Amino acid sequence: MEKKHLFMLTPLLLPAIAGAQERYNIVYIMTDDHTAQMMSCYDNRYVETPNLDRIAENGVRFVNSFVANSLSGPSRACMLTGKHSHINGFTNNEHGIFDGSQQTMPKLLQKAGYQTAIIGKWHLVSEPTGFDYWNIVPGQGDYYNPTFINMDGSETIEKGYMTNIVTDKGIDWLEHKRDKSKPFILFLHHKACHRDWLPEIKYLREYEDKTFPIPDNFYDDYKGRKAAAQQEMNIYQHMDLTYDVKIYDPNVNTPLKNTYLNMIGRMNSADRAKYDYFYDSLAIDFKARHLEGKALHEYKYQRYMRDYAKVLKTLDDNVGRTLDYLEKAGLLKNTLVVYTSDQGFYMGEHGWFDKRFMYEESFSTPLVMMLPEGLKARGDIEQMVQNIDYAPTFLDIAGAEIPEDIQGVSLLPLLKGEKPRNWRKSLYYHYHEYPAEHMVKRHYGVRTEDGWKLIHFYRDIDEWELYNLNEDPKEMNNLYGKPGTEKITKKLRKELKKLQQQYDDPILDQFPL
Ligand code: SGN
Ligand code: CA
């Protein structure tokens, strides 16, 4: 009797299942430390990234895209939960363990009938939850012959270069591993282009003839900006000559020399021979030049830019390969392709590498999307968006309900080409990792759509900074406390308070506004 009942229901269920098949898929490509200055559809001074640009050309480029906390683990936790760091609990890389029992976007997508998979960098310490398939690297992962953690907890050392491997695994999942009757979301999370910028062997010589222009605030003296003066991410002072610049001298010890040797020790002997041949010749040349002061400073900058650009070259190829696969498989018409990074990065601006600060280069992150049929937006999207918006956007795209407690907002109306009234006019930021590597002080702040920014650095410092981005886009002139700024400061403090209340940040109790 019961069987018959089920059988009778089957035809009724069919249209719903067919509907499910037509739902949009999502391929969410995220890189590490890739900044908009190094992506030609945002900035063509430095590199060409034709495949990344292809995404924007067939969809949209967000020109005001930001993170909530400019660091890997925290950024990933914001993206998974749609909530700020103080709510999702993963505030910093050094002590964070993501609580995987909480509500996350992949779990909600599973409930909505989606297949979920993540391949590559995870960086949240606890095991992934909410994924039907995962294959991640421990911690930061390695560029050469990386170790992967499998779902049964075992580890496999994969042969080759990380960026190629992540792409291979992604395509393999799409082609062979997924259940093709269901819509899916695939997180392809690359290690590129994180420090320590180890290029793929075939691109060792790429960009070697290029001299990169030096940013005009490369020799920043940090006047009026105490936190900026106290960081440890200056190219001149803090880039390790062996590890970062790759000048290896067996007789010279630098703090990260052993880390470097372990890292390049992962290469097979054929790759290693080519690698050594290339960088040893640089080291010989470097030694002969006896560089000091400004010349050494700029030498380090050029090495940094070239190696970062080489790593990016392989990444761009692989994004191209991913897009080509989707096209060939007939998936593009029904798949949203998202490309972003876990945060932006300094390419010599203020004399820096790394990120963390709420200044524009690292507060912002590239975000481009190739849109499936039915989503009509094209070109630039000017509205301010943040990585807490990805979770509600993907849920919305999937036709799933967006829970009330999610703090981000869905970008779907923007992707449809709508011009929503009452879009947010300001964004909240809070960075927590201090004291820690690179010594960027804890800080929080507000940035408004009309180009004002107010930041408070705290803990063993108590400093406020105010910027007018329209007049001072490089954030060199701290206006806080200057005559004539009373009114705007008051307004921004009020806005900051409103955001801290809205997002329920307990820091407001510590520093009432
Ligand atoms: C590593 C790097 C740092 C970097 C952090 C965080 N040091 O610790 O330079 O700021 O990761 O980066 S290294 O010696 O290991 O290269 S994040 O993107 O993962 O947050
Ligand atoms: Ca990162």
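In case you missed it, the structure is sitting above this.
These figures come from a predicted structure and were not determined experimentally.

**Looking at the nonpolar core**
Thinking step 1. The biggest cluster of nonpolar side chains holds 68 residues, and the ones touching the most others in it are Met-38, Tyr-275, Tyr-304, Tyr-308 and Tyr-339.
Thinking step 2. Top contributing element to this core by residue count: helix α11 (residues 293–328), with twelve residues.
Thinking step 3. In this structure, Ile-26, Phe-90, Leu-109 and Val-338 belong to the second largest nonpolar core, which totals 46 residues.

**Things to note about the site of ligand 1**
Thinking step 1. Around ligand 1, a shell composed of 18 residues is seen, among which Tyr-243, Asp-354, Arg-356, Glu-437 and His-438 lie nearest.
Thinking step 2. Ser-72 is positioned with one of its backbone polar atoms (N or O) 2.8 Å from an oxygen atom of ligand 1.
Thinking step 3. Take Arg-195: an N or O atom from its side chain is 2.8 Å from an oxygen atom of ligand 1.
Thinking step 4. When isolated, ligand 1 has an accessible area of 460 Å², and the protein chains bury 87% of it.
Thinking step 5. When the residues that make up the shell around ligand 1 are grouped by side-chain class, the tally is two nonpolar, seven polar and nine charged.

**Some thoughts on the layout of surface pockets**
Thinking step 1. In this structure, the largest pocket occupies an estimated 570 Å³ of space.
Thinking step 2. Lining of the largest pocket is provided by 27 residues; of these, Ala-36, Gln-37, Glu-360, Glu-361 and Ser-364 occupy positions nearest its centre.
Thinking step 3. If you list the elements that add at least two residues to the lining of the largest pocket, you get β3 (65–66) and α12 (360–363).
Thinking step 4. Across the lining of the largest pocket, the residue classes break down as nine nonpolar, eight polar and ten charged.
Thinking step 5. Roughly 370 Å³ of internal volume is contained in the second largest pocket.
Thinking step 6. As for the second largest pocket, its lining consists of 24 residues, and the residues nearest its centre are Gln-140, His-194, Arg-195, Tyr-243 and Glu-437.
Thinking step 7. Residue classes in the lining of the second largest pocket are distributed as five nonpolar, eight polar and eleven charged.

**Examining the pattern of salt bridges**
Thinking step 1. Applying the stated criterion to the full structure yields 37 salt bridges.
Thinking step 2. Here Arg-306 makes a salt bridge to Glu-208, at a shortest N to O gap of 3.9 Å. Here Arg-306, found in helix α11, pairs with Glu-208, found in the loop between β8 (184–189) and α7 (226–229); they are 98 residues apart in sequence, far enough to count as distant. Across this residue pair, the class does not change: Arg-306 and Glu-208 are buried.
Thinking step 3. Salt bridges here are not isolated pairs; linked through shared partners, they connect Asp-196, Glu-208, Lys-246, Arg-303, Arg-306, Asp-307 and Lys-310.

Each value, and the rule that gives it
- Per chain, residue numbering runs from 1 following the sequence as it is written.
- Chains carry letters from A onward and ligands carry numbers from 1 onward, assigned in written order.
- Residues qualify for local features only when their pLDDT is at least 70, as the model is predicted, and side-chain atom pairs are given and counted only at 80 or more; totals for whole chains, interfaces and linings, by contrast, use all residues.
- As a rule here, side-chain values cover all heavy atoms of the structure and leave hydrogens and water aside.
- Nonpolar core, defined: a set of buried Ala, Val, Leu, Ile, Met, Phe, Trp, Tyr and Cys residues in which side-chain atoms within 4.5 Å join the residues together.
- Relative accessibility decides the category of a residue: with a 1.4 Å probe and only protein chains considered, values under 20% of the type maximum give buried, values over 50% give exposed, and everything between is partly exposed.
- Labels follow the DSSP assignment, with helices taken as runs of H or I lasting at least four residues and strands as runs of E lasting at least two, numbered in each case from the N terminus.
- To be near a molecule or strand, a residue needs just one of its heavy atoms within 4 Å of it.
- We call two N or O atoms a polar contact when they sit within 3.5 Å, provided that within protein one can donate a hydrogen and the other can accept it, with sequence-adjacent residues counted only if both atoms are side-chain atoms.
- Using the Shrake-Rupley algorithm and a 1.4 Å probe, accessible areas are obtained, with residue cover drawn only from the displayed protein chains.
- Side-chain classes follow a simple rule in which Ala, Val, Leu, Ile, Met, Phe, Trp, Tyr, Cys and Pro form the nonpolar group, Asp, Glu, Lys and Arg form the charged group, and the remainder, Gly included, forms the polar group.
- Site definitions follow a grid-based scheme: protein atoms alone, a 1 Å grid, a 1.4 Å probe that fits but cannot get out for cavities, and for pockets an open set with protein on both sides within 12 Å along at least five of seven lines, plus lining residues having an atom within 4 Å of a point.
- Grid points are joined across faces, edges and corners, and a volume is the space filled by probe spheres set on the points.
- By definition, a salt bridge exists where a carboxyl oxygen of Asp or Glu is found within 4 Å of a side-chain nitrogen of Lys or Arg.

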